[in-house]
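Structural characterization, general
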Amino acid sequence: MRFDIAFFLCCCRSFLTSRQSEGESFYDLLGVDKHANQDELKRAYKRQSLQMHPDKLAQKGKTVTAEDRDRFTRMRNAYEVLSDPRRRETYDAVGERGMKWMEDPLSVDPQELAHNFATSSILDRSKIFAIFLAIYVAVFLLPILICLMADGTFGGAKWVAVLTPLWIWDVLILFYHTRVILMGPIKRPEHIPETEWVDPLPMNKRVSALVRFGFLVLFQVLLALKMDAFIAFPWWAVFIPLYCWEVMALRKKIMLANINIVTHAELELAIGKNFAACDAAEREDIHRRFILVPAKSGLMYEAACRIKAEAKMDVVRILARVVFTVLLVLNLDLGEEWSWWIVFIPIFVMVACIIGSAFHKWVEVQAEAAKRDPSLFDPNADVEQGYAQMDDNAKNDDKPLTDEEREELKAKVAQAAYRVVGTCCSQCFFLVILCFMVAKIQGAGYSWLVIISPFLAAGGIVLCCLACTIFCLSEVDENAGLADFDTRVHEATTAAGYGSTHDSYTPPTEQQPQQHDQAQQSVPLSSTGTRTVEERTTKPPPIATWDPEKGQVWQNVTEEEDTYEVISAPKQEETDLLGNIDAVQPTSIDPTLSEASEDFDLD
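In this report, the structure presented in the accompanying data block is examined.

1. What to know about the packing of helix α8 (residues 122–150) against helix α10 (residues 164–182)
Where α8 contacts α10, the two axes come as close as 8 Å, and the packing angle between them is 140°. Put simply, α8 runs oblique to α10. In this structure, α8 contributes A138, L141, L142 and L145 to the contact, and α10 contributes P165, L166 and W169. In terms of residue class, the contact of α8 with α10 is made up of 7 nonpolar, no polar and no charged.

Next comes the structure, spelled out in structure tokens:
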């Protein structure tokens, strides 16, 4: 089994449906065995096509339905999958749904995945949790070992042995870079014309990334050997590979920070010819020197500006690290015993620059928003400012902002504010950890594990939340409790006299309406002088007319009836029904409570 299929089954088995629930398999559709070769598949496909093709069915006099067409399409898809050895191996391992998920992850229904996961076994869920647990161990094992070694817990252990997890990571990353180089140029997708295709990973970038990572690995090896006293090199010689690594990164970031953002029209005007007429080398040089955007506004232009801003901040970070390593080497080689707070000053300056840059960007966004819409921050702006804005708009022929543009402007300001808050919180947290580390180097008495304890605690909390989510998630029956609720409602309505069981209902006959009318006529008046609800429903409703002398006059109303009594009876029925739903037993209500007050006025 291929490695990618094995990893997919290990990670995603709980999200897949069982093979039985997928219906008829591809082998059954073609009528072949699972071990059939290519010739047998071809013969089976021709045989099934003669039997299942809609035209063949129509020639036999059978009515072709949509189900027949779908079955033929699925049979043809089955042959295409099984005739491809790689896709056939994938289908044999994960089934039809799993193969579709691997080929097109966005085509899977999230509700189906949630249902499959909620009904999966504990073993499949345990595999997912084991993956997260392995990630937690891989991330925090190396820092824990370094802290224990610095505290002297391992005694005479060597740094080369303690850094074993680091060597494993380095080997895996080197293997990845080697595979990227050996896989050759990336093939052009069919939907992209050849004149517009540019390899996103040219060979020079791949080799450059491998060389840069090689400098970092060489520095790690020299540092471990120096700390174990295996080599007698001075510290400046040990840090030479690190300086080379930083210089390569600095060169790349400086080029990106100085790159020009141009439109296609500006580019063609600058190079003097159409972009489509450029060859591959010219297009690669253009992409190295320019960022092409459709216009100097919009999301793509803002993304390009963010790339330039991040490159400038990366330049600041690299320069701060270089100055810090220079001070560190001078303090170690010269033996001046400077205060470590002085050595770490470049790092503190770097944190201040990052926070200041975030605030500066936020102020720029606010100023731009206030320029486009002054009422965004001052809803009660004075009239003179409004007239001035109108004059500026008239001069510049700017249209007033629509509601959608105003909401987009508010979202942009809010996003900049969130970015400032996030940057400040992260940098302040880093500053606190850095202060603890410098204090420990200066001779503080606490353990090195105290410094990384917040990360360990946060990772443990995340791991516990994942465990609760993975093992406690279960499928909820949407119809649970509805049957009991229907039973209670039915019992309550039966006890109140509104009907018996559902099965005892009989449709009315022709004689039943007459019997019903006779029963209504024989019903006497109640103790309050009002007739029952059944009798009142047979009479025409009251009608109000307006008399200029008498005012409002009601028709179809007798003397013993009052309009307030028409309202009181339905209220009593509603009270009886609601009370019986809760108590399941009929309740008696005091007739005096159902009568309205004498002071009740319909007007």
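2. Section: helix α20 (residues 403–441)
Two residues of an α-helix separated by three or four positions point the same way, owing to the 3.6 residues in each turn. Taking 1.5 Å as the rise per residue, α20 with 39 residues should run 57 Å; its terminal C-alpha atoms sit 57 Å apart, in good agreement. Structurally, α20 contributes buried residues whose contacts are with α17 (340–343), α18 (345–372) and α21 (449–472). Once α20 finishes, G443 follows within two positions and takes phi at roughly 120°, a positive value.

3. So, the packing of aromatic side chains
Going through the model one piece at a time under the given rule, you end up with 12 aromatic pairs. Between Y27 and Y91, the aromatic rings sit 6.2 Å apart at their centres with planes inclined by 45°, giving tilted as the arrangement. Residue Y27 is found in helix α2 (residues 26–30), and its partner Y91 is found in helix α6 (residues 85–103); the two are separated by 64 residues along the sequence. A single burial state applies to Y27 and to Y91, both of which are buried. Seen from their ring centres, W341 and F348 are 6.4 Å apart, and the 15° between their planes marks the pair as stacked. Looking at W341, the relative accessible area reads 36%, which means it is partly exposed. Through a chain of ring-to-ring contacts, the aromatic side chains of F26, Y27 and Y91 assemble into a single cluster.

4. Describing the nonpolar core
Ranked by internal contacts, the top residues of the largest apolar core, which has 28 residues, are F26, L30 and V94. Of all elements in the fold, only α1 (3–12), α2, α3 (38–52), α5 (66–82) and α6 reach the threshold of two or more residues within this core. When residues in this core are grouped by element, the largest group, 6 residues, is from α5. With sequence-adjacent residues up to four places away left out, F26 is seen in contact with R74, N77, A78, V81, L82, Y91, E96 and M99. By size, the runner-up hydrophobic cluster in this structure holds 24 residues, among which are F219, F344, I347 and L434.

5. Observations concerning α21
End to end, α21 covers 32 Å across 24 residues, agreeing with the expected 34 Å (1.5 Å per residue, within 8%). F455 marks the point of greatest bend in α21, at about 25°. When we look at burial in α21, the residues that qualify are I451, I452, G459, L463, A467 and I470. The secondary structure elements touched by the buried residues of α21 are α7 (110–118), α8 and α20.

6. Re unusual backbone geometry
Keep in mind that most residues, glycine aside, have a negative phi and that most peptide bonds are trans. Of note in the backbone geometry, A229 takes a positive phi value of approximately 65° without being a glycine. Among the secondary structure elements, A229 is positioned in the loop between α11 (203–227) and α12 (235–238). We classify A229 as exposed; its relative accessible area is 63%.

7. A word on the packing of α5 against α6
Two elements in contact, α5 and α6, have axes separated by 10 Å at closest approach and are oriented at 140°. Here α6 runs oblique to α5, going by the angle between their axes. Two secondary-structure elements touch here, α5 through R74, E80, V81 and L82 and α6 through R87, R88, Y91, E96 and M99. Considering only residue class, the contact of α5 with α6 consists of 4 nonpolar, no polar and 5 charged.

8. Digging into the environment of L223
As for its placement among the helices and strands, L223 is situated in helix α11. For L223, a relative accessible area of 24% gives the class partly exposed. As for L223 and V238, which are separated by 15 residues in sequence, their C-alpha atoms are 6.4 Å apart. In this structure L223 touches W235 and V238, once residues within four positions along its chain are discounted.

9. Quick word on the pattern of salt bridges
On inspection of all chains with the given rule, the structure shows 7 salt bridges. The closest approach of N and O atoms between K296 and E266, which form a salt bridge, is 3.5 Å. Of this pair, K296 sits in the loop between β2 (290–293) and α16 (299–334) while E266 sits in helix α14 (residues 264–271); the two residues are 30 residues apart in sequence, bridging distant segments of the chain. Connected via shared salt-bridge partners are K253, D314 and R317.

10. Some details on the layout of surface pockets
Approximately 1600 Å³ is the volume attributed to the largest pocket. In terms of lining, the largest pocket is formed by 39 residues, of which the most central are I146, L223, F324, L328 and M437. Of all the secondary-structure elements, those providing two or more residues to the lining of the largest pocket are α8, α10, α11, α13 (240–257), α16, α20 and α21. Of all the elements, α8 adds the most residues to the lining of the largest pocket, at 7 residues. Looking at the lining of the largest pocket residue by residue, the classes come out as 35 nonpolar, 2 polar and 2 charged.

11. Considering the pairing of β2
What you see with β2 is no split at all: F290 and L292 on one side and I291 and V293 on the other are buried throughout. In the sheet, strand β1 (residues 260–263) pairs with β2 via 4 bridges, with the strands oriented parallel. Of the residues in β2, the one forming a bridge with T263 is V293.

12. Section: a nonpolar patch on the surface
A cluster of nonpolar residues, V326, L330, L334 and W338, forms a patch on the protein surface that exposes about 320 Å² of accessible area. Assignment of secondary structure puts W338 in the loop between α16 and α17.

13. Structural notes on the side chain of E246
One can find E246 in helix α13. Overall, E246 belongs to the buried group, its relative accessible area being 6%. Look past the residues within four positions of E246 in its chain and what remains in contact with it is I318, R321 and V322.

14. Describing the state of the cysteines
Enumeration over the complete set of coordinates arrives at 0 disulfides. In this structure C468 is not part of a disulfide, and its nearest cysteine sulfur, from C472, lies 5.1 Å away.

15. Thoughts on the environment of W341
Structurally, the position occupied by W341 is in helix α17. Put simply, W341 and I441 are 100 residues apart on the chain and 9.6 Å apart in space, counted from C-alpha to C-alpha. Beyond its immediate stretch of four places on either side in the chain, W341 contacts F348, C435, V438, A439 and Q442.

The rules we used
Residues numbered from 1 in each chain as written. Predicted model: local features only at pLDDT ≥ 70, side-chain atom pairs only at ≥ 80, totals over all residues. Heavy atoms only, no water. Axes fitted to C-alpha atoms, helices over the stretch in contact; angles between N-to-C directions. Helix = DSSP H or I, 4+ residues; strand = E, 2+ residues; numbered from the N terminus. Parallel < 35°, antiparallel > 145°, perpendicular 65-115°, else oblique. Contact = heavy atoms within 4.5 Å. Nonpolar A, V, L, I, M, F, W, Y, C, P; charged D, E, K, R; others polar. Expected span 1.5 Å × (residues − 1). Phe/Tyr/Trp six-rings, centres within 6.5 Å; stacked < 30°, edge-to-face > 60°. Buried < 20%, exposed > 50% of the residue type's maximum accessible area, 1.4 Å probe, protein only. Core = buried A, V, L, I, M, F, W, Y, C linked by side-chain atoms within 4.5 Å. Bend = angle between axes of the 7 residues up to and from the residue. Salt bridge = Lys/Arg side-chain N within 4 Å of Asp/Glu carboxyl O. 1 Å grid on protein atoms, 1.4 Å probe; cavity = no way out; pocket = protein on both sides within 12 Å on 5 of 7 lines; lining within 4 Å. Points joined across faces, edges and corners; volume = space filled by probe spheres on them. Pairing = 2+ DSSP bridges. Patch = residues over 30% accessible without salt bridge, like charges linked within 9 Å, V, L, I, M, F, W, Y side chains within 5 Å. Areas by Shrake-Rupley, 256 points an atom, 1.4 Å probe, with all protein chains shown as cover. Disulfide = S-S within 2.5 Å.

Scope: geometric values only; no functional claims are made or implied.
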